[in-house]
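An overview of the molecular structure
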Amino acid sequence: MASLPGNSADTPTSSTGDPQAALAQTLTLLKSKNDTSRFVGLSLLRTLLDTHVLLRNDPVTITRCWSAISPKFLKKLLQARRADKRSEDEAHNMVTLAVSVIHAFTVLLEQEALEEQQVTELCGALIESLAFSDAATRVLALQALSTIASRPKGASAICQVEDMKPLVEAAVEDELAMSVIRFVLTSTMKYSTGDDEESTNQTQAKGDGIIQTLIDAFEGKDQIWLLETIADVLEESQTLRNPPWLSQVICLIRRAFLASPNTKLCRGSTRVIHHFTRTIPAFDPFFPPASLTQPPTPNPFSYLFINFLLIDIRATIPSLMETLASPQYPPTALRLAAAYDVVGSFISSLVRLPDPYDDNKATPAQHVLDISPDLLLRLRKNLAETMSLTIEFLRDRWDAAVSGAAGLHPSALPTPQHNPGGPSAPRALTWESPTVAVDADPIVVAGSRALALWLHEDENAQLRTEAAGVTDVLLALYSLDVDAPGIQGTDYRTHVLLALEGLTATPAGVESFIAQDGWAKLADDLESCMQNVSGSQKGAYPYRVLSIIRVLLAVVESEETAQTKDEWLKFISFLARMKAPPVAPSSIGLSHEELDPVEVFAAAGQLAVASILKAPKKLQRLFKADCDRICMTVKLLLRTGRDLLDGDTVEGLKEVIDGFAELSV
C-alpha cells in the first residue's frame, strides 16, 4: 500500500455545520475503493464521533459507520511498517489511526456486535501492532482487546491468534495486557467443554500454549503476577485436568520461594497448589521425586512453604471472630481455607512417603523426604500450635453460632425447650456471619479436615486431649443431614471419623465421646449404611463404615469403659437380624471407595463380640440368642467362602467365633 497523507488541501473536512451532511460525505469516503479516500474517511469519522455526542450515542448511526469500514483496510493500516515509500512517522500515524478507530467502536457498538467476524478478525493485527505502537496507542489497543475478550467468541478469536508473543511480552510489564490474557484463558477454558472433542482439545492445547509462553516470558522476572494470573484462570474456569505445564509451574514456585520467600509469593503459590490438590489425586508439589537428585539445602522448600502457611494461619485466626460480621471475613475465610487444605495435602503426602529407614529404595517416580529430623520436629511443633489455635476457633465459632457466647461450655447451651421463642424458633443472641453459615464456613470445613488428619496421624496425646473439648462440635457436624432431598451441604462424616479415631485413643476423648452421646450417632449411621445394602455382591458399603466400627471398638475396649451400656447392645440384635452377605472374591469388581460386604460383616461381628464381653451377665444371657445367630451366619460365610475370601477376612470371621465362645453363659 502506498503511503497515505494525513490530510490534503482538497480533502473534505468536518467543519461544516451540518453533521448529517458531514456524516454522509464521510460514509462515501469510507466506501470508496481508493485507500487514500478511506484513510481520509477514517480521520473524518474519528473527528465526527469525538465532536458530536448525538452521532456517538445513536446506535443506528454507529452501526452504519462500522458497516462502511473495510476490515481489510483496517488490517492494512495496523500492519503498516516503514518501507521505501513510507516513513516511520507515516507508518506510525496509520497504526495509531486504525487503533483509535477500533477502540472507539469497541466502546460504542452493541455487545453482540463485538462477536461478529468484522470485529474478531482484527484481533491478530491488533496484537501484532502492540510491538510497533507508542505507549498511548498500546493502551488503546489493549483496552480494545480487553473489551473484545469479554465476549466468548471474542476471547476464542484472540486465543486462536497464531503469534501471541507481542501480547505476552506486554503482559510481563503491563497489567492491562495480563488482564486480556486472563480474560482469554478463563473464557476459552470455561467454554471448551462442548460435545466436539477435537475442538475442545484444540482449544485447551492453545490455552496451554499461551500459559507456556507466559511461563517462558517470566523467566528471571517477578513470579507473583504470573502465579496470581494462573490462579485466577484455574479458579474461574474450574478446569479439572492435569495440564502439561504443571510440573514447570511447580518448579518455578520452588525456585522462587527458595530464592526469596515472602507472603505475597506464598499466597499466590498457595492458590495454584490448592487447586491441583483438590483436582489431582495424590498430587505432591512438596517433596522432590527420587529421580531428581538435588544438593541438600538447610531449609528445603517443603519446610519453608508449610511454615509460611502455618504462620499466616496463626497470625490471622486468633482475631478472626472479631471480623465475623464484617465484609472482610469471607475473603479471609477463603484464603485460610486454601491454606488449611494445602497443609492437609502436605500431611497426606508426608504419610505416603516411603520409609527413609527402609532398605528398599524408593522408585524414581516416588517422592522422597528432604526435611532433616530436627526440622521435622520443629515443623511438628508448629503444626501442633496451629491445630491448637484451630481447636479454639472451632469452639468459639460454633458456640457463637448456636448460643451467642463464644467459649460457652456445651452444658450451658440453651436447649430448644428453654428457648424463649419456642422449640422451633431461632435461639436468641446468636452471633453469626451474615453471609457464611457456620456449617458452610470455609474455615470450619477446611480447618476441621486438616485438624482431623493431623489428630489421626500424629500421636500427640496433649493435642488429642485438647481436641476432646470440641467433640460435640465434631459430632454435630457429623450429624448434618447431607442426604436429605434438596440439601447440598458439606459432608463432614469421613474426616470427623478420622478425628474421632485419634480422639478415642485418649481417655479424655472417650469420656467426651460418651458424654456427647457419640455412640448413638455413629451406631445409627452404621445401621443405616448396613440396612441400605442391596443383594448385589459389590458396591455395598460406603467407605466410612469401617471407620465407624474402629471408633466404636476403641470406645468399647477403652479402660474408661468399665461396662457396656444397655443401649449399645441394640447393635447386636440388629446384626443378628441381617442375612449373610453374598460371598465373592474380595478384590474383584470393587472400587477404592467400596468395601467387601463380608469384610464389613466380620468387622461388625468383632464390634458385637467386644460389646457383649463387657456387658453384665444378665445382659449377656438376654442377648445370647442373638449372639448365636451371628455365630451361625459367620460359620456359613466360612463354609461358603473359604476359597474365595482373602486371608484377613477369614481370620476376622474366626475371631468372631472365638470371641463369642468366651461367653460364660
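Above: the structure in question.
Described below are features of the structure shown in this document. (Residues numbered from 1 in each chain as written. Predicted model: local features only at pLDDT ≥ 70, side-chain atom pairs only at ≥ 80, totals over all residues. Heavy atoms only, no water.)

**A closer look at helix H27 (residues 570–577)**
Extensive coverage of H27 is indicated by the burial of six of its eight residues. If you check which residues of H27 are buried, you get Phe-571, Ile-572, Ser-573, Phe-574, Leu-575 and Ala-576. Summarising the contacts, the buried residues of H27 are in contact with helix H25 (518–531), helix H28 (597–613) and helix H30 (624–641). (Buried < 20%, exposed > 50% of the residue type's maximum accessible area, 1.4 Å probe, protein only. Helix = DSSP H or I, 4+ residues; strand = E, 2+ residues; numbered from the N terminus. Contact = heavy atoms within 4.5 Å.)

**A closer look at the environment of Glu-385**
Along the polypeptide, Glu-385 turns up in helix H19 (residues 373–402). When its relative accessible area of 36% is taken as the criterion, Glu-385 is described as partly exposed. In the structure, Glu-385 is positioned 75 residues away from Leu-310 in sequence and 8.9 Å away in space, judged by C-alpha atoms.

**What to know about the side chain of His-103**
Relative to the assigned elements, His-103 resides in helix H6 (residues 88–108). Take His-103: its relative accessible area is 18%, and that puts it in the buried class.

**Notes on the nonpolar core**
Phe-105, Phe-305, Leu-522, Met-530 and Phe-660 are the most contacted members of the largest nonpolar core, which totals 203 residues. Not counting chain neighbours up to four residues away, the residues in contact with Leu-522 comprise Leu-475, Tyr-478, Leu-497, Leu-500, Phe-513, Ile-548, Val-551 and Leu-552. (Core = buried A, V, L, I, M, F, W, Y, C linked by side-chain atoms within 4.5 Å.)

**Digging into the pattern of salt bridges**
A complete count under the given rule lists 23 salt bridges for this structure. Here Glu-128 makes a salt bridge to Arg-81, at a shortest N to O gap of 3.4 Å. Here Arg-81 lies in the loop between helix H5 (71–78) and H6 and Glu-128 lies in helix H8 (residues 123–129), a separation of 47 residues in the sequence. Judged by relative accessible area, which is 33%, Glu-128 ranks as partly exposed. Across the salt bridge formed by Arg-550 and Glu-501, the nearest N and O atoms sit 3.3 Å from each other. (Salt bridge = Lys/Arg side-chain N within 4 Å of Asp/Glu carboxyl O.)

**Regarding the packing of aromatic side chains**
For the coordinates displayed, the defined rule picks out eleven aromatic pairs. With a centroid separation of 5.0 Å and 40 degrees between ring planes, the pair formed by Trp-66 and Phe-105 is classed as tilted. Of this pair, Trp-66 sits in helix H4 (residues 59–68) while Phe-105 sits in helix H6, and the two are 39 residues apart along the sequence. Look at Trp-66 and you get buried, because its relative accessible area is 6%. (Phe/Tyr/Trp six-rings, centres within 6.5 Å; stacked < 30°, edge-to-face > 60°.)

**Section: a negative patch on the surface**
Judged by side-chain charge, Glu-599, Asp-646, Asp-648, Glu-651, Glu-655, Asp-658 and Glu-662 come together as a negatively charged surface patch. Per-element accounting of the negative patch gives the leading share, four residues, to helix H31 (residues 647–661). Turning to its location among the elements, Asp-646 is positioned in the loop between H30 and H31. For Asp-646, a relative accessible area of 34% puts it in the partly exposed group. (Patch = residues over 30% accessible without salt bridge, like charges linked within 9 Å, V, L, I, M, F, W, Y side chains within 5 Å. Areas by Shrake-Rupley, 256 points an atom, 1.4 Å probe, with all protein chains shown as cover. Lys, Arg positive; Asp, Glu negative; His and termini not counted. Charge placed at Lys NZ, Arg CZ, Asp CG, Glu CD.)

**Observations regarding unusual backbone geometry**
Positioned with a positive phi, Ala-282 is a non-glycine residue whose angle comes to about 60 degrees. On the secondary structure map, Ala-282 appears in the loop between helix H16 (263–279) and helix H17 (301–316). We note that Asp-517 has phi near 60 degrees; this positive angle belongs to a residue other than glycine. When you line up the elements, Asp-517 lands in the loop between helix H24 (507–515) and H25.

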